[in-house]
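So the chains spell out like this:
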Amino acid sequence: MALVALIVFAWGLFSARLGRADLSAPIVFVTAGLLLAEVLHVMRLDLTPESIKLLAEVTLVSVLFADASRVGLRQLRADLGWYARLLGLGLPLTIAAGTALALWVIDGTGFWPALLIGAALAPTDAALGASVMTDPAVPARIRRLLNVESGLNDGIATPVVMVAIAGTLATEGVAAHGVGGALVDLAIGLAAGIVVGTVGGRGLRMARRRGWASEDFAGPAVLALTMVAYAGTLWLDGNGFVAAFVAGLAFGHFGRRDGAVEVYYVEQTAGLMSLLTWLVFGAVAVPIVLDGADWRFVVYAVLSLTVVRMLPVAIALIGTRLSRPTVAFVGWFGPRGLASVIFAVIALDELPGEADRAVAIIGTTVLLSVLAHGLSAKPLALRYAANLADTPDRPPTAQLPVRGLLPRHDGGGPFTRPG
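What you are looking at is a predicted structure, and each value in this text was computed from that prediction instead of being measured. (Residues numbered from 1 in each chain as written. Predicted model: local features only at pLDDT ≥ 70, side-chain atom pairs only at ≥ 80, totals over all residues. Heavy atoms only, no water.)

Draft legend 1. Geometry of the overall build of the protein chain. Per the secondary structure count, the protein chain includes 16 helices and zero strands. Residue pairs at least 24 apart in sequence account for 82% of intrachain contacts in the protein chain once pairs closer than 6 positions are excluded. Put simply, the protein chain shows about 17,700 Å² of open surface, and 67% of that area lies on carbon and sulfur atoms. (Helix = DSSP H or I, 4+ residues; strand = E, 2+ residues; numbered from the N terminus. Contact = heavy atoms within 4.5 Å. Areas by Shrake-Rupley, 256 points an atom, 1.4 Å probe, with all protein chains shown as cover.)

Draft legend 2. Geometry of helix α4 (residues 80-105). In this model, α4 (26 residues) spans 36 Å end to end at C-alpha, consistent with the 38 Å of a helix rising 1.5 Å per residue. By the largest-angle criterion, G90 marks the main kink of α4, which is about 35°, and a proline, P92, follows within four residues. (Expected span 1.5 Å × (residues − 1). Bend = angle between axes of the 7 residues up to and from the residue.)

Draft legend 3. Inspection of the environment of F251 at higher detail. Tracing the sequence through the fold places F251 in helix α10 (residues 240-254). Note on F251: relative accessible area 0%, which makes it buried. Along the chain, F251 and G193 lie 58 residues apart, while their C-alpha atoms are 9.4 Å from each other. (Buried < 20%, exposed > 50% of the residue type's maximum accessible area, 1.4 Å probe, protein only.)

Draft legend 4. A look at the packing of aromatic side chains. On inspection of all chains with the given rule, the structure shows seven aromatic pairs. Relative to F29, the ring of W11 has its centre 6.1 Å away and its plane inclined at 75°; by these criteria the two rings are edge-to-face. In this pair, W11 sits in helix α1 (residues 2-20) while F29 sits in helix α2 (residues 25-39), placing the two residues 18 residues apart along the sequence. Take W11: its relative accessible area is 8%, and that puts it in the buried class. Among the residues examined, F29 registers a relative accessible area of 1% and is labelled buried. Note on F65 and F251: the rings are 5.9 Å apart at their centroids and 40° apart in plane angle, and the pair reads as tilted. Taken together, the positions of F65 in helix α3 (residues 49-69) and F251 in helix α10 put the pair 186 residues apart, joining distant regions of the chain. Given the relative accessible area of 1%, F65 is considered buried. Linked through ring pairs, F329, F333 and Y384 together constitute an aromatic cluster. (Phe/Tyr/Trp six-rings, centres within 6.5 Å; stacked < 30°, edge-to-face > 60°.)

Draft legend 5. Broad picture of a nonpolar patch on the surface. Taken together, L3, L6, F9, L13, F14, L35, V39, L40 and V42 make up a surface patch of nonpolar side chains, about 870 Å² in accessible area. Taken together, the elements giving at least two residues each to the nonpolar patch come down to α1 and α2. Among the elements that make up the nonpolar patch, the one with the highest residue count is α1 (five residues). Relative to the elements of secondary structure, L6 occurs in helix α1. Overall, L6 belongs to the exposed group, its relative accessible area being 52%. (Patch = residues over 30% accessible without salt bridge, like charges linked within 9 Å, V, L, I, M, F, W, Y side chains within 5 Å. Salt bridge = Lys/Arg side-chain N within 4 Å of Asp/Glu carboxyl O.)

Draft legend 6. Region of the structure containing the side chain of T124. Turning to its location among the elements, T124 is positioned in the loop between α5 (111-120) and α6 (130-133). A polar contact of 2.9 Å, which involves the side chain of T124, links it to the side chain of N153. (Polar contact = N/O pair within 3.5 Å; in protein donor to acceptor, adjacent residues only side chain to side chain.)

Draft legend 7. Representation of the confidence of the model for the protein chain. Taken as a whole, the protein chain shows an average pLDDT of 81; of its residues, 85% reach a score of 70 or greater. Averaged over each element, pLDDT in the protein chain is lowest for α6 (72) and highest for helix α13 (residues 307-316) (95). (pLDDT = per-residue confidence, 0-100.)

Draft legend 8. Local environment of a positive patch on the surface. A cluster of basic side chains, namely R202, R205, R209 and R210, defines a positive patch on the protein surface. For R205, the position within the fold is in helix α8 (residues 179-209). (Lys, Arg positive; Asp, Glu negative; His and termini not counted. Charge placed at Lys NZ, Arg CZ, Asp CG, Glu CD.)

Draft legend 9. Fine view of the packing of α4 against helix α12 (residues 295-305). Between α4 and α12, whose axes approach to 11 Å, the crossing angle comes to 155°. Accordingly, the angle class assigned to the pair α4 and α12 is roughly antiparallel. Remark: the crossing between α4 and α12 carries right-handed chirality. Along the contact surface, α4 presents G98, L101, A102 and V105, while α12 presents R296, Y300, L303 and S304. Tallied by class, the residues present in the contact of α4 with α12 amount to five nonpolar, two polar and one charged. (Axes fitted to C-alpha atoms, helices over the stretch in contact; angles between N-to-C directions. Parallel < 35°, antiparallel > 145°, perpendicular 65-115°, else oblique. Left-handed = near helix turned anticlockwise from the far one by under 90°. Nonpolar A, V, L, I, M, F, W, Y, C, P; charged D, E, K, R; others polar.)

Draft legend 10. Region of the structure containing the nonpolar core. By size, the foremost hydrophobic cluster in this structure holds 95 residues, and its most contacted members are I165 and W278. When residues in this core are grouped by element, the largest group, eleven residues, is from helix α16 (residues 356-387). Sequence-distant contacts of W278, that is, excluding residues within four places in its chain, are made with P26, F29, V30, D125, L128, G337, L338, V341, V366 and V370. Counting residues in hydrophobic clusters, the runner-up holds twelve residues, among them F65, A229, A247 and V263. (Core = buried A, V, L, I, M, F, W, Y, C linked by side-chain atoms within 4.5 Å.)

Take a look at the structure:
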């Protein structure tokens, strides 16, 4: 525990310096976990499957709520068509393409496990391309497009992942976890999330207006609201992840002020949990992925990060008048990261013995993405900015938060963290 805490503190000291050297938080913490556990043998994480799943679930819940709550719907109306295209058309096409690729490349993969792979690898993670998200040379609209997409697509993909897990269980004779039951769970989660987020958001706004709420405790209160949405929905036999995501959307609409410190607190908590998850991924999952390496997994990973992502994005953005370099840039910076890892951990716990191959494929893809997108972010951002030097859409200096993994910037704007 002391060693893990020291690594987190060291990242806090040198995160900006390492970021300028193209070393993102996922790269640093995955490498640290792998080196300390497998090379230097100075750290042994005796984690049970239950504890790993708990870490994964708490991390996903915090990330889903934080990502959803910071999306200011009023500020996004200008480019709403872009977001609708990527999330309403591009994301389903990516899931379908990833599913079809799994059926084609991996022999003996059934439909439900293939859907699990395709859906788990569909969400993107802006943290792996952090240099892009904070580079003022990249147009602000493009950075915002990538940031909002990564903030919402994991929540949208979550129901598909849960249905795929339920379908896999059903094919194994576990009737209690059928697809119909999963859909009911999703409906309960949707309703519970709306209620918790709306009541919590309106309640906090009223308490602030009447002077009841202390600003010093606003952050922990909203973090507790996140857990209310998740754990309360589980108590109702619903899907807690969907509830956390929907509650974040509702809270952001009804209760959040622009730059509200309570949302920043949740983002920071989610960021800390994300760092620990990446460390565990490097120490526990990467050795398993390397030991079970298969050339078909590598082929799938390469195609998943290129064709499966970039072609749906190109189709979704037809008619937007975006230039080809812009479409290619948006398509490439769809890194797979934290959400995919957490989905894999959940599948491994829910499907013992049935999810090993799916988890290996997901892990291989994420590992490749951590390296490819993390190292290419800054060079490609500079090259892309050079190609747009003569365009009228010059970026302002406002910076975007990336899941609490980056130091705060005070550039103003709806996505800037509060001071």
